[in-house]
Amino acid sequence: RRVLFRSSTVGVLTEAVTGRRWDSLETRRQVTQRVFTLKSAGFEPGDRALIHFGNRLEFFAELLAIWSLGGCAIPVDARLTAFEVERLVETARARFNLVDDKTSPATLQAVSGSIVLNTMESQATHAALPPATTSGAFPRLDDDALILFTSGSTGNPKGVVHTHRSLVARWVTLRHSLGLDRYRRTLCVLPTHFGHGLICNCLFPWLSGCEMVIAPPFQPDLIMHLGKLIDRHEISFMSSVPSVWNLALKVAAPPEKGSLERVHVGSAPLSENNWKHIMDWTGTGEVFNAYGITETGSWVAGTTGGPVVPESGLIGEPWGAVIQVREATDPDDGLEPGRLCAIGESGMVWLQTPALMKGYFERPDLTRAAISGGWFMTGDIGLMDDRGRLFLKGRERDEIN
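Residues numbered from 1 in each chain as written. Predicted model: local features only at pLDDT ≥ 70, side-chain atom pairs only at ≥ 80, totals over all residues. Heavy atoms only, no water.

Caption draft 1: Spotlight on the environment of Ala61. Within the secondary structure layout, Ala61 lies in helix α2 (residues 57-68). With sequence-adjacent residues up to four places away left out, Ala61 is seen in contact with Trp22, Gln30, Val31 and Arg34. (Helix = DSSP H or I, 4+ residues; strand = E, 2+ residues; numbered from the N terminus. Contact = heavy atoms within 4.5 Å.)

Below, the structure is given as structure tokens:
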């Protein structure tokens, strides 16, 4: 089955720093240019392409072009060392590497054995192409859409594979659980090479027709002026991580226009104290502690359903998922969910969702160690309260990456 995907229905895309802006018609033209470039270079359905840049307009055009041709995109952290890029290229075995004018010489050297396309050069070469549709047989629901890799700095890179089916399932469940009104003008200050920033903060609202304002990730000088940035673009929603707020709360003046209606905080524990300070700074009570895992398409639960009193560890209700807390079992017995824990009893957090990943790229052993009967073992320790809300208490194990 084919995905209902049309680049003409995406929202406006704006770069926060440069002010560059694409409406849906310009996005459609940009995608068409890249489809032409990729096809001219021999791109075929099922091909994988690493995108070595992010957080700019061209990233999203490349992503939609790859999908329009039945390919799989692999976003890459542009800060990786040459060694890490070489390991990633070796593991992913992608025929194509897409770069831009800021890609480092070390990265270009690391990918020199593949087909390398510069997004800025292709844009200039085919700027005269008229807008045209890119509709066809692709993308298809069960084709691979995204592979999101860990950096591999301390071990072999591990790739989470999402199909179009799992991604669409995440976006549909979020629309059902959260609506779209609050997300009509979204700001992303997160990297586009991992699930929180890409799948949920960007693609969820943007592919639903909302405006996306994209900014360079984790830049202290930008965070210092976060309030002014929110006011300038009349942002109604933003998502971020506690480390960004640790800086913003110290150095940035809060927004003054009152446009900000909802905030998500995720990817790391949110303390009760920080939660309250974020509410005060943003001027909204809708500060959600969002729980997300790359393997489940990121946001899978959060604090919704009315006024929330911040508590350390509070996550909230599931968003398009079933959450169970089960007793830990002996790992030597294989991956099996243990006894269902009672209310208030700590145990291992298991998730079941239609947005679950296809598996780890070419690692069936890792997939079997994480998924049992359609249930994903998160590695988090938590409990459910008498209101059906999830609280996290810690991790089963820690990894240094």
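Caption draft 2: Highlighting the packing of helix α1 (residues 24-40) against α2. Between α1 and α2, the shortest axis-to-axis distance is 8 Å and the interhelical angle comes to 60°. Compared by their axis directions, α1 and α2 come out oblique. Note on packing geometry: the crossing formed by α1 with α2 is right-handed. Contacts between α1 and α2 involve Thr27, Gln30, Val31, Arg34, Val35 and Leu38 on the former and, on the latter, Glu58, Ala61, Glu62, Leu64, Ala65, Ile66 and Ser68. Grouping the amino acids of the contact of α1 with α2 by side-chain chemistry returns 7 nonpolar, 3 polar and 3 charged. (Axes fitted to C-alpha atoms, helices over the stretch in contact; angles between N-to-C directions. Parallel < 35°, antiparallel > 145°, perpendicular 65-115°, else oblique. Left-handed = near helix turned anticlockwise from the far one by under 90°. Nonpolar A, V, L, I, M, F, W, Y, C, P; charged D, E, K, R; others polar.)

Caption draft 3: The arrangement of unusual backbone geometry in detail. Phi is positive for Phe218, close to 55°, though the residue is something other than glycine. Along the chain, Phe218 falls in the loop between β10 (211-214) and α8 (220-223). Classification of Phe218 as partly exposed rests on a relative accessible area of 34%. Positive phi is not limited to glycine here, since Ser298 has a value of about 70°. The buried category is assigned to Ser298, whose relative accessible area is 3%. (Buried < 20%, exposed > 50% of the residue type's maximum accessible area, 1.4 Å probe, protein only.)

Caption draft 4: Just the pattern of salt bridges, in detail. Using the criterion set out here, one finds 26 salt bridges in the structure. Among the salt bridges present, the one from Lys358 reaches Asp144, with a minimum N-O distance of 2.9 Å. In this pair, Lys358 is assigned in the loop between β17 (347-352) and β18 (359-360) and Asp144 in strand β7 (residues 144-149), connecting sequence segments 214 residues apart. Judged by relative accessible area, which is 54%, Lys358 ranks as exposed. With relative accessibility at 26%, the residue Asp144 sits in the partly exposed group. One salt bridge in this structure joins Arg389 and Asp385, with 2.8 Å as the shortest N-O distance. For the pair Arg389 and Asp385, a shared accessibility class is recorded, and that class is buried. (Salt bridge = Lys/Arg side-chain N within 4 Å of Asp/Glu carboxyl O.)

Caption draft 5: Just helix α6 (residues 164-178), in detail. Between its first and last C-alpha, α6 extends 21 Å over 15 residues, near the 21 Å set by a 1.5 Å rise per residue. Among the residues of α6, those classed as buried are His164, Ser166, Leu167, Ala169, Arg170, Trp171, Thr173, Leu174 and Leu178. Gly179 lies just past α6 and shows a positive phi near 70°. (Expected span 1.5 Å × (residues − 1).)

Caption draft 6: Expanded view of the confidence of the model for the protein chain. Put simply, the protein chain has an average pLDDT of 90, and 90% of its residues get 70 or more. Per-residue pLDDT stays below 50 along residues 130-134; that stretch engages in 11 contacts with residues further than four places along the chain or on separate chains. (pLDDT = per-residue confidence, 0-100.)

Caption draft 7: Quick peek at the nonpolar core. Counting residues in each nonpolar core, the largest one holds 79 residues, and the members touching the most others are Leu38, Ile66, Trp67, Leu187, Leu226, Met238 and Trp245. In terms of residue count, α2 provides more of this core than any other element does, 9 residues in total. Excluding residues within four positions of it along the chain, Leu187 makes contact with Asn201, Val213, Ala215, Leu226, Leu229, Ile230, Ile235, Phe237, Met238 and Ser239. Ala301, Leu351, Met357 and Leu390 belong to the second-largest nonpolar core, a separate cluster that totals 20 residues. (Core = buried A, V, L, I, M, F, W, Y, C linked by side-chain atoms within 4.5 Å.)

Caption draft 8: Representation of the side chain of Thr186 in the model. Inspection of the secondary structure assignment puts Thr186 in strand β9 (residues 185-188). When residues no more than four places from it in sequence are discounted, the contact partners of Thr186 are Asn201, Pro205, Glu211, Met212, Val213, Ile235 and Phe237.

Caption draft 9: Structural view of the packing of aromatic side chains. Tallied over the full model, the rule gives 9 aromatic pairs. Ring geometry for Phe59 and Phe60: centres 5.2 Å apart, planes at 90°, overall edge-to-face. Given the relative accessible area of 0%, Phe59 is considered buried. According to the relative accessible area criterion, Phe60 is buried, its value standing at 1%. Centroid distance Phe149 to Phe361: 6.1 Å. Interplanar angle 80°. Geometry classified as edge-to-face. One end of the pair, Phe149, is in strand β7; the other, Phe361, is in the loop between β18 and α12 (364-368), and 212 residues separate them in sequence. Relative accessible area serves as the criterion here: at 13%, Phe149 is assigned to the buried category. (Phe/Tyr/Trp six-rings, centres within 6.5 Å; stacked < 30°, edge-to-face > 60°.)

Caption draft 10: Up close: the packing of helix α10 (residues 242-251) against helix α11 (residues 272-282). Relative to each other, α10 and α11 sit at 55°, their axes nearing to 11 Å. Classified by the angle between their axes, α10 and α11 sit oblique to one another. Considering how the two elements wind past one another, α10 and α11 form a crossing that is left-handed. Along its contact with α10, which presents Trp245, Asn246, Ala248 and Leu249, the element α11 presents Asn274, His277, Ile278, Trp281 and Thr282. The residue makeup of the contact of α10 with α11, split by class, is 5 nonpolar, 4 polar and no charged.

Caption draft 11: Examining the pairing of β10 more closely. Of the two faces of β10, the one lined by Glu211 and Val213 and the one lined by Met212 and Ile214 are each fully buried. Pairing of strand β1 (residues 13-15) with β10, which is carried by 3 bridges, proceeds in the parallel orientation. Along β10, the bridge assignment pairs Glu15 with Ile214. The parallel pair β9 and β10 is bridged by helix α7 (residues 195-206), and the resulting crossover is right-handed. (Pairing = 2+ DSSP bridges. Right-handed = clockwise from strand over helix to strand, strands pointing away.)

Caption draft 12: Main features of the pairing of strand β3 (residues 48-51). Judged by which residues are buried, β3 turns out to be covered on both faces: Arg48 and Leu50 on one side and Ala49 and Ile51 on the other are all buried. Where β3 meets strand β5 (residues 96-99), 3 bridges bridge the pair, whose relative direction is parallel. What sits directly across from Leu50, in β5, is Asn97.

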